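# Architecture and fold: a report
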Amino acid sequence: MKEIRFYAGEAEVHGVLQEQYETLKAHRIRPALVICPGGAYQWRSPREKDPVAFEFLSMGYQVFILEYSTEEKAKNFRPLKELAETVRTIRKNHEEWHIDPEKIAVLGFSAGGHLAASLGAFWNDPELNLGADSRPDALILCYPVISTKEFAHEESVKWVTGDDPLLKEKLHLPDHISSDFPPTFMWHGGQDTSVPVENSMMLAAALKRCRVPFEYHLFETGVHGISTCTQEVETPEEYCRQWVSLCKMWINRRFKYVP
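Everything in this summary refers to the structure shown in the same document.

Let us now look at the overall build of the chain. Across its full length, the chain holds seven helices and eight strands. Taken against the 2.2 N^0.38 rule, which gives 18 Å for 259 residues, the C-alpha radius of gyration of the chain at 17 Å falls within 12% of a compact globule. Residues classed as buried in the chain amount to 58% of the 259 residues present. Across the chain, contacts joining residues at least 24 apart in sequence account for 74% of those joining residues at least 6 apart. In the structure as shown, the chain presents an accessible area of about 11500 Å², 49% of it carried by carbon and sulfur atoms.

Taken as a whole and judged by the stated rule, the model has 16 salt bridges. Put simply, D175 and K149 hold a salt bridge, and the shortest N to O gap is 3.3 Å. Here D175, found in the loop between α5 (165–170) and β7 (184–189), pairs with K149, found in the loop between β6 (138–142) and α4 (154–161); they are 26 residues apart in sequence, far enough to count as distant. Classification of K149 by relative accessible area gives partly exposed; the value is 37%. Each of E10, K73 and R78 takes part in salt bridges that share partners, so that together they form one network.

Tallied over the full model, the rule gives 13 aromatic pairs. Seen from their ring centres, F64 and W97 are 5.7 Å apart, and the 40° between their planes marks the pair as tilted. Note that F64 is positioned in strand β4 (residues 62–67) and W97 in the loop between α2 (78–92) and β5 (99–109), a separation of 33 residues in sequence. Across this residue pair, the class does not change: F64 and W97 are buried. On the numbers, 5.6 Å between centres and 75° between planes, the contact of F219 with Y239 is edge-to-face. Highlighted residues: F219 in strand β8 (residues 214–219) and Y239 in the loop between β8 and α7 (242–255), separated in sequence by 20 residues. Taking the relative accessible area as the measure of exposure, F219 reaches 7% and is therefore buried. Here a set of aromatic residues connected by ring pairs shows up, and it is made of F109, Y143, W187, F219, Y239 and W243.

Attention now moves to α2. In an α-helix, one turn spans 3.6 residues, which is why side chains three or four residues apart end up on the same side. Between the first and last C-alpha of α2 there are 21 Å, a value that for 15 residues agrees with the 21 Å anticipated at 1.5 Å per step. When we look at burial in α2, the residues that qualify are P79, L80, E82, L83, A84, T86, V87, T89, I90 and R91. Of the surrounding elements, those touching the buried residues of α2 are β1 (2–8), β2 (11–17), β3 (30–36), β4, β5 and α3 (111–122).

So, on to the sheet that holds β1. In spatial order, the strands read β1-β2-β4-β3-β5-β6-β7-β8; together these eight strands make up an open sheet with mixed pairing. Strands at the two margins of the open sheet, each flanked by one partner only, are β1 and β8. Across the sheet, the axes of successive neighbouring strands diverge by a mean angle of 15°, strand direction being ignored. Here five bridges tie β5 to β6, and the two strands are oriented parallel to one another. Bridging from a neighbouring strand, A105 pairs with A138 of β6. This element, α3, spans β3, β4, β5 and β6 of the sheet and lies at about 140° to β5. Lying on the sheet, helix α6 (residues 198–209) is in contact with β6, β7 and β8; it crosses β8 at an angle near 155°.

So, about the nonpolar core. Of all hydrophobic cores here, the largest spans 51 residues; its most connected members are F64, L66, L83 and I90. The biggest single contributor to this core is α3, with seven residues. The residues touching L66, leaving out its near neighbours within four places in the chain, are A11, E12, V13, V34, I35, C36, P37, R44, E82, L83, T86 and L115. Counting 30 residues, the second largest nonpolar core, distinct from the first, contains V63, I140, I226 and V244.

Conventions we followed
- Residues numbered from 1 in each chain as written.
- Predicted model: local features only at pLDDT ≥ 70, side-chain atom pairs only at ≥ 80, totals over all residues.
- Heavy atoms only, no water.
- Helix = DSSP H or I, 4+ residues; strand = E, 2+ residues; numbered from the N terminus.
- Rg over C-alpha atoms; globule rule 2.2 N^0.38 Å.
- Buried < 20%, exposed > 50% of the residue type's maximum accessible area, 1.4 Å probe, protein only.
- Contact = heavy atoms within 4.5 Å.
- Areas by Shrake-Rupley, 256 points an atom, 1.4 Å probe, with all protein chains shown as cover.
- Salt bridge = Lys/Arg side-chain N within 4 Å of Asp/Glu carboxyl O.
- Phe/Tyr/Trp six-rings, centres within 6.5 Å; stacked < 30°, edge-to-face > 60°.
- Expected span 1.5 Å × (residues − 1).
- Pairing = 2+ DSSP bridges.
- Axes fitted to C-alpha atoms, helices over the stretch in contact; angles between N-to-C directions.
- Core = buried A, V, L, I, M, F, W, Y, C linked by side-chain atoms within 4.5 Å.

What follows is the structure in structure tokens.
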């Protein structure tokens, strides 16, 4: 494994790349995954960083963790611009980093799910001017914050909008879904009292309406912030743990990738 670091605006990005060996020619060019941990745009949860990265490294993906801006620095679309720059940087360096530029996914938990979905919604927004090369080829959303209105996670909304009514309106994602939104895998635990399941249900309805390919799993059990659902992250949940294998099958099928 090779570790790299770069900056996207003020955000540091940690990358772990698979080594290339002359005797292993089957996967010289690999998909990439950008991880956006949750934390209400106030902090970035450790349980949603390295343990998640290891899951996808084991599949042969090139993996990046975005340390996006939080608290007062989370306003004015700064985390969104940092994520967009991260995706652009990966595409720009795809040859050096042995990445397929058409197989770049973004995975987000909770507020990080809102960030990932925001890039899906606004990559072609003329006011933000993020650029077509910032569009993810797929999204993976884990108990995501989607609403800034009804069923909103108020702490996330506070930090990402600074209580600006115009930003609250803009960042209510169900109102900004179009057919250009990337294919999406999404899951939510049915016992989540922090980010109500109505958030992901709203997005699923909007994706269906716009005919965006998606897969959505609403588990009967599962509270908020359970990440990979193992003892390692101190939130073992065998039932919801299925999301990992379901997601791996979905993304590999989407990318036509055989690890």
